[in-house]
Amino acid sequence: MKKKVLIIGAGFAGIGATIQAIEQGCDVLVIEGRPYIGGRARSFIDKDTGEIIDNGQHVMMGCYGAVLHILRRLGTEQLLYRQKALSVTFFDQNGEADILDAGHLPGKLGIAAGILGLKKLSWQSRMQALMFAVRLRLMKKQSVGETSLEFLRRMNQTEESIRRLWEPLILATLNAHPSTADATLLIEVLQRAFFGGREASQMLIPRNGLSELLAPFVPYVQSHGGQVMLSTSVESLKYHAETSTVSVIAEGKEYHADTIISCIPSFALQRIASPSLLGEHTYSLLGDMVFSPIVSLYLWFDRDFMGDIRFCALLQTVTQWVFNRRLLCECSDELREQYPGHIALTISAGTQIVGEQAESVVALCLEELRRCFPGASDATLLSWKVIKEKQATFLAIPPIEARRPEQKTHAKNFFLAGDWTKTGLPATLEGAAQSGIDAIVYAHKQ
Ligand SMILES: Cc1cc2nc3c(=O)[nH]c(=O)nc-3n(C[C@H](O)[C@H](O)[C@H](O)COP(=O)(O)OP(=O)(O)OC[C@H]3O[C@@H](n4cnc5c(N)ncnc54)[C@H](O)[C@@H]3O)c2cc1C
């Protein structure tokens, strides 16, 4: 008899769990509350321009093994733009650029050469960063309640390199400022991605909308005899103390399964679970979680002003990353003609800006762009869209990092996954995908 697996939520965690369950020969049922899959990683058509945009520009890296496994199964890996080697341009407010280019030497030496090539950093900063990279290789990841800033200072990183190099990377990968982001997560990201070798540190960017990457998911599940129920919210989890099992109530119907995996965010789980099911430790964490917003801007111009720069970081500005979507993404000839310039901007850990009027955010970012790219001053803004994801990810401060829960709960058949669970990674697509896969592997070992 095939094992019955029920998966709640079809974001990257739920999709990872589903694919793993299918690979382990299970019968799967996926229940997703929204009319679409993808969760916090989705795309839609902007109604003013007709262009496909995401709920926020997402970037992946070569070390995203779990995500790439999913995309290979769905046959969509080729829809990603992949850098040959890590190359990031950092722009000062006065428009001067510095490039971290790992492409000059092979393997791990590439990043070392890249750091040495950062001309705007003093020699002392470069040498300290290099020594730090060497020490990182053997460093243990044990949460000791340290923030990334404290850790970087303890590693003798200069204020200059923290500001110009580490901060943009921390904001982009941990969605938190160095002064709050847990240091163990930074160590993991640096070991895996930046110092993990040439392939691991390549940036990968979807060439089409995020939803297109996942479009074959529902047919894939169906072709393996499974079912995906969209627009169906799980209303509660029924805990049967006598058998120590859980069943799921959705739209008034009760569903039983050998294994049930929760792949929903912590705040959604809080609505349907009880302390007796999760245990006091996990249940109280659900109420203590804090979230970090990401503000994304999509701007359309009458001309291109980024030239051959695909993406870059802006330093000491509200705008953190700029993506040249006309170089990175596919679009129709009509859109290219009508809007020759199309860029996306991201502001991670955007607590200070998320409450501002969209018009003010656009005006502020536009002014910053014009300072960094002289050509932007002649460009006319034709259309714009601001997307505020207030609960983009949980805020990985040290006290929360230490409390992230593992898969198991008090019920024999109910397990936890999602980007907020104990993955050892920040809240990312990779953390989510890996958590889903791991939850199935763990559940079936019990
Ligand atoms: C703007 C933005 C930019 C980001 N940029 C990056 C990036 O560049 N790189 C990166 O790696 N990560 C990035 N992330 C983070 C990444 O998107 C998330 O970590 C990841 O998508 C989380 O996946 P998940 O499956 O854990 O949760 P979710 O994607 O939230 O999926 C959970 C699903 O469960 C469903 N659900 C909830 N409650 C119920 C219920 N009761 N019944 C049924 N279904 C339910 C929801 O509808 C949802 O589809 C970004 C996130 C945002 C918001």
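Residues numbered from 1 in each chain as written. Predicted model: local features only at pLDDT ≥ 70, side-chain atom pairs only at ≥ 80, totals over all residues. Heavy atoms only, no water.

Novice: I tried to follow the site of the ligand on my own but got confused; where do I start?
Specialist: Taken together, 35 residues lie near the ligand, and Glu-32, Arg-40, Val-59, Tyr-64 and Asp-419 sit nearest. Between the ligand and the protein, one listed contact pairs an oxygen atom with a side-chain N or O atom of Arg-40 at 2.8 Å. Looking at side-chain class alone, the shell around the ligand contains 17 nonpolar, 13 polar and 5 charged residues. Inspection of the shell around the ligand shows a minimum of three residues originating in each of domain 1 (4–45 + 210–290 + 396–443) and domain 3 (291–394). (Near = heavy atom within 4 Å. Polar contact = N/O pair within 3.5 Å; in protein donor to acceptor, adjacent residues only side chain to side chain. Nonpolar A, V, L, I, M, F, W, Y, C, P; charged D, E, K, R; others polar. Domains from an automatic or database assignment.)

Novice: Explain the sheet that holds strand β2 (residues 27–31) here, please?
Specialist: Strand pairing in a sheet is mediated by backbone hydrogen bonds. Such pairs are either parallel or antiparallel. As summarised here, the arrangement of the 5 strands in space is β10-β2-β1-β14-β20, forming an open sheet in which the pairing is parallel. In the strand order of this sheet, the two ends are held by β10 (227–229) and β20 (414–416), each with one partner. Averaged over all pairs of adjacent strands, the angle between their axes in this sheet comes to 20 degrees, without regard to strand direction. As judged from the 3 bridges shared by strand β14 (residues 259–262) and β20, these two strands associate in the parallel manner. Each bridged residue has a counterpart across the sheet, and for Ser-262 the counterpart in β20 is Leu-416. (Pairing = 2+ DSSP bridges. Helix = DSSP H or I, 4+ residues; strand = E, 2+ residues; numbered from the N terminus. Axes fitted to C-alpha atoms, helices over the stretch in contact; angles between N-to-C directions.)

Novice: What am I meant to see in the packing of helix α1 (residues 12–23) against helix α17 (residues 429–443) here?
Specialist: If you want to describe how two helices pack, look at the angle between their axes and the distance between the axes. Orientation of α1 relative to α17, taken along the N-to-C sense of each, is 35 degrees, at an axis distance of 7 Å. In this structure, the crossing between α1 and α17 has a hand that is right-handed. Contacts between α1 and α17 pair Phe-12, Ala-13, Gly-16, Ala-17, Gln-20 and Ala-21 from the former with Leu-429, Ala-432, Ala-433, Ser-435, Gly-436, Ile-437, Ile-440 and Val-441 from the latter. Taken together, the residues of the contact of α1 with α17 break down into 10 nonpolar, 4 polar and no charged. (Left-handed = near helix turned anticlockwise from the far one by under 90°. Contact = heavy atoms within 4.5 Å.)

Novice: Just to check I follow, could you spell out the environment of Leu-299 for this structure?
Specialist: Looking at the element boundaries, Leu-299 is found in strand β15 (residues 291–301). Look at Leu-299 and you get buried, because its relative accessible area is 0%. The residues touching Leu-299, leaving out its near neighbours within four places in the chain, are Gly-341, His-342, Ile-343, Leu-345, Val-362, Leu-366, Leu-369, Leu-381, Ser-383 and Trp-384. (Buried < 20%, exposed > 50% of the residue type's maximum accessible area, 1.4 Å probe, protein only.)

Novice: Please clarify how the side chain of Ser-125 should be interpreted in this entry.
Specialist: Following the sequence through the fold, Ser-125 ends up in helix α4 (residues 123–136). At 3.1 Å, the side chain of Ser-125 forms a polar contact with the side chain of Ser-122. Polar side-chain contacts of Ser-125 include one of 2.6 Å to the side chain of Thr-158. Every residue in contact with Ser-125, bar those within four places of it in the chain, is listed here: Thr-158, Glu-160 and Ser-161.

Novice: Sorry, what's going on with the pattern of salt bridges here?
Specialist: Opposite charge on two side chains lets them pair, provided their charged atoms get close. Using the criterion set out here, one finds 18 salt bridges in the structure. The partner of Arg-326 in a salt bridge is Glu-51, with the nearest N and O atoms 2.9 Å apart. With Arg-326 in helix α13 (residues 325–328) and Glu-51 in the loop between β3 (43–45) and β4 (52–54), this residue pair connects regions lying 275 residues apart in the sequence. The exposure class assigned to Arg-326 is buried, which follows from its relative accessible area of 7%. A residue is classified by how much of its surface remains accessible, and Glu-51, at 4% relative accessible area, is buried. Note that Arg-153 is salt-bridged to Glu-159, the shortest N-O span being 2.9 Å. A relative accessible area of 44% means that Arg-153 is categorised as partly exposed. (Salt bridge = Lys/Arg side-chain N within 4 Å of Asp/Glu carboxyl O.)

Novice: Could you clarify how one ought to interpret the pairing of strand β7 (residues 87–91) in this entry?
Specialist: On a regular strand, one side chain projects to one face of the sheet and the next to the other, so that they alternate. Counting buried positions over the 5 residues of β7 gives 4, a clear majority of the element. Pairing of β7 with strand β8 (residues 97–101) involves 5 bridges; the strand directions are antiparallel. Of the residues in β8, the one forming a bridge with Ser-87 is Asp-101. Counted between consecutive antiparallel strands, the loop separating β7 from β8 contains 5 residues, among which Gly-95 sits at a positive phi close to 85 degrees.

Novice: For this particular structure, what's the right way to read the pairing of strand β12 (residues 245–250)?
Specialist: Most of β12 is tucked away, with 5 of its 6 residues classed as buried. Sheet topology places strand β11 (residues 234–240) next to β12; 6 bridges connect them, and they run antiparallel. In the sheet register, Tyr-239 faces β12, and the bridge partner there is Val-246. If you look at the hairpin formed by β11 and β12, you'll find 4 residues sitting between the two strands, and Ser-244 has a positive phi there, around 55 degrees. Strand direction decides the pairing type here: β12 and strand β13 (residues 253–255), joined by 3 bridges, are antiparallel. In the sheet register, Ile-249 faces β13, and the bridge partner there is Glu-254.

Novice: Hey, could you run me through the environment of Ala-439 in this one?
Specialist: Secondary-structure assignment places Ala-439 in helix α17. Sequence separation between Ala-439 and Ser-262 is 177 residues; the distance between their C-alpha atoms is 9.3 Å. Ignoring any residue separated from it by four or fewer positions in sequence, one finds Ala-439 in contact with Ile-261, Gln-407, Leu-416 and Ala-417.

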